[in-house]
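Structural overview
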Amino acid sequence: MNEIKQPEFKEMMLTRTLNAPRDLVWKAWTDPNMVSQWWGPHGFTAPLCQLDLRPGGEILIHMKDPEGGVNPMNGTYKEIVTLEKIVFSSYIAFEMDGKKPAAEIQITILFADKGSQTELQVRALPIKVDPELYPAVEGMEEGWTQTLDKLTAIFA
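Quick look at the structure, then. The shown structure was predicted, so the numbers you read here are calculated from the model rather than taken from an experiment. (Residues numbered from 1 in each chain as written. Predicted model: local features only at pLDDT ≥ 70, side-chain atom pairs only at ≥ 80, totals over all residues. Heavy atoms only, no water.)

Another aspect to go through is the pairing of strand S6 (residues 102-114). The pairing of strand S5 (residues 85-93) with S6 spans 9 bridges and is classified as antiparallel. Pairing of Val 87 across the sheet is with Thr 108, part of S6. By the bridge criterion, 12 bridges tie S6 to strand S7 (residues 117-129) in an arrangement that is antiparallel. Of the residues in S7, the one forming a bridge with Phe 111 is Leu 120. (Pairing = 2+ DSSP bridges. Helix = DSSP H or I, 4+ residues; strand = E, 2+ residues; numbered from the N terminus.)

So, in structure tokens, the structure goes:
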């Protein structure tokens, strides 16, 4: 049986300048009530958002798609530098034919003070991806772009 070789996924990097001071943008990433207002692509909501913001702490966000399906995203915080950096591993799993293919993505969020604005950089590096989830990972940039659109709109 031939095993499908994992593609060489590149690190995704998106940068946005937000019309808010860094402490407020930091809060948008660290306060579950604020995260639930913008997390997920267009049309998605985040009815459940639990953040244990410390190295080793867990993150759990349920994204509800427009059809009402719930897409859980869980992970573990790796590094927290207040007002500067958040690093976490994001684990994605989907049921397909009785098995649960999975992906692990390392997410790095960088916050840079730009006076009354904040430069935000989001990096996502696939670590391990089961073959069934290759299309989801290949669409990750579009999902993050839409998610950051929603975050940017909060501060518009």
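So much for the structure itself; the text now carries on.
This brings us to the pattern of salt bridges. Pairing between side chains becomes possible if they bear opposite charge and their charged atoms approach one another. Following the criterion strictly, the structure yields 4 salt bridges and no others. Arg 16 is the salt-bridge partner of Asp 149, the closest N and O atoms lying 2.8 Å from each other. Of this pair, Asp 149 sits in helix H4 (residues 140-154) while Arg 16 sits in strand S1 (residues 12-18), placing them 133 residues apart in sequence. (Salt bridge = Lys/Arg side-chain N within 4 Å of Asp/Glu carboxyl O.)

Further remarks concern the side chain of Ser 89. Tracing the backbone shows Ser 89 in strand S5. Among the polar contacts listed, one links the side chain of Ser 89 to the side chain of Glu 104, at a separation of 3.3 Å. Look past the residues within four positions of Ser 89 in its chain and what remains in contact with it is Asn 74, Gly 75, Thr 76, Lys 78, Glu 104, Ile 105 and Gln 106. (Polar contact = N/O pair within 3.5 Å; in protein donor to acceptor, adjacent residues only side chain to side chain. Contact = heavy atoms within 4.5 Å.)

Now for unusual backbone geometry. Its identity as a non-glycine residue notwithstanding, Leu 83 has a phi of 65 degrees, on the positive side. With respect to the helices and strands, Leu 83 occurs in the loop between strand S4 (70-81) and S5.

Okay, the environment of Leu 125 next. Topologically, Leu 125 is positioned in strand S7. Overall, the relative accessible area of 31% leaves Leu 125 in the partly exposed class. Measuring from C-alpha to C-alpha, the distance between Leu 125 and Ile 107 comes to 6.6 Å, with 18 residues separating the pair along the chain. What Leu 125 contacts, discounting residues up to four positions off in sequence, is Lys 10, Glu 11, Glu 104, Ile 105 and Gln 106. (Buried < 20%, exposed > 50% of the residue type's maximum accessible area, 1.4 Å probe, protein only.)

Attention shifts here to the nonpolar core. Within the largest apolar cluster, 40 residues are counted, with the highest numbers of intra-cluster contacts made by Trp 29, Trp 39, Ile 61, Leu 120, Trp 144 and Leu 151. No other element matches S6, which puts 5 residues into this core. Contact partners of Trp 29, with chain neighbours within four places excluded, come to Val 35, Trp 38, Trp 39, Leu 51, Ile 86, Ile 109, Phe 111, Leu 120, Val 122, Trp 144, Leu 148 and Leu 151. (Core = buried A, V, L, I, M, F, W, Y, C linked by side-chain atoms within 4.5 Å.)

Turning our attention to the packing of aromatic side chains. In this description, a pair of aromatic rings is defined by centroid distance and the angle of the planes. Tallied over the entire structure, the rule returns 8 aromatic pairs. Here the aromatic rings of Phe 9 and Tyr 134 are separated by 5.7 Å at their centres, their planes lie at 70 degrees, and the arrangement is edge-to-face. Taken together, the positions of Phe 9 in the segment before S1 and Tyr 134 in helix H3 (residues 134-138) put the pair 125 residues apart, joining distant regions of the chain. With a relative accessible area of 17%, Phe 9 lands in the buried category. Judged by its relative accessible area of 10%, Tyr 134 is buried. Each residue in the set Trp 29, Trp 38, Trp 39 and Trp 144 is aromatic and connected to the rest through ring pairs, giving one cluster. (Phe/Tyr/Trp six-rings, centres within 6.5 Å; stacked < 30°, edge-to-face > 60°.)

So, on to the environment of Thr 147. Following the sequence through the fold, Thr 147 ends up in helix H4. Take Thr 147: its relative accessible area is 5%, and that puts it in the buried class. Sequence spacing of Thr 147 and Trp 29 is 118 residues, and the spatial spacing of their C-alpha atoms is 12 Å. With sequence-adjacent residues up to four places away left out, Thr 147 is seen in contact with Trp 38, Trp 39, Gly 40 and Pro 41.

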